Amino acid sequence: PNWQSLGLPGLLLDPEMRTIAMAVVWTGVVSTSVNFCVEVKALGQVPSSEASVLLATEPLWASVFAAAFCHERFGTNDFIGGTLMIAACLVNTVPFPELAKNEKEGGR
């Protein structure tokens, strides 16, 4: 195909490129738009602290699913990064009585 037909309308009309055009449409509509709408609706139902933990662990979940379904292999850096992410989420969500006590006393 020539370069003029590589726009989405041209791809849809070209029988040889129709599969690629449908993949582009699927990616744009389902994988992006629908996913974003569902994510916004779901995150509106949980407290902001839980939403931040869910969003912060998104790359970790992507790596886990890539390992499970695409047989990707984790390296040392992947394990260290994942551990640091989980530790950061735990520090963010686990209440520490000493910190609460210091805040009540005026930060002393």
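From a predicted model like this one, the values you see are computed outputs, not experimental measurements.

Conventions and cut-offs
- Residues numbered from 1 in each chain as written.
- Predicted model: local features only at pLDDT ≥ 70, side-chain atom pairs only at ≥ 80, totals over all residues.
- Heavy atoms only, no water.
- Helix = DSSP H or I, 4+ residues; strand = E, 2+ residues; numbered from the N terminus.
- Buried < 20%, exposed > 50% of the residue type's maximum accessible area, 1.4 Å probe, protein only.
- Areas by Shrake-Rupley, 256 points an atom, 1.4 Å probe, with all protein chains shown as cover.
- Expected span 1.5 Å × (residues − 1).
- Axes fitted to C-alpha atoms, helices over the stretch in contact; angles between N-to-C directions.
- Parallel < 35°, antiparallel > 145°, perpendicular 65-115°, else oblique.
- Contact = heavy atoms within 4.5 Å.
- Nonpolar A, V, L, I, M, F, W, Y, C, P; charged D, E, K, R; others polar.

Q: Explain the overall build of the protein to me, using residue names and the numbers behind them.
A: The secondary structure content of the protein amounts to 6 helices and 0 strands. Looking at the protein as a whole, 10% of its 108 residues qualify as buried. In the structure as shown, the protein presents an accessible area of about 8,800 Å², 68% of it carried by carbon and sulfur atoms.

Q: With reference to specific residues and values, describe helix 4 (residues 58-70).
A: For helix 4, built from 13 residues, the straight-helix expectation of 18 Å at 1.5 Å per residue is met to within 8% by its first-to-last C-alpha distance of 17 Å. Of the residues trailing helix 4, His71 is marked for its positive phi of about 60 degrees.

Q: If you had to explain the packing of helix 3 (residues 48-56) against helix 5 (residues 76-93) to someone new, which residues and values would you point to?
A: In contact at an axis separation of 10 Å, helix 3 and helix 5 are set at 175 degrees when each is read in the N-to-C sense. With respect to their mutual orientation, helix 3 and helix 5 come out roughly antiparallel. Contacts from Ser52, Val53 and Ala56 in helix 3 reach Met85, Cys89, Asn92 and Thr93 in helix 5. For the contact of helix 3 with helix 5, the per-class residue count stands at 4 nonpolar, 3 polar and no charged.

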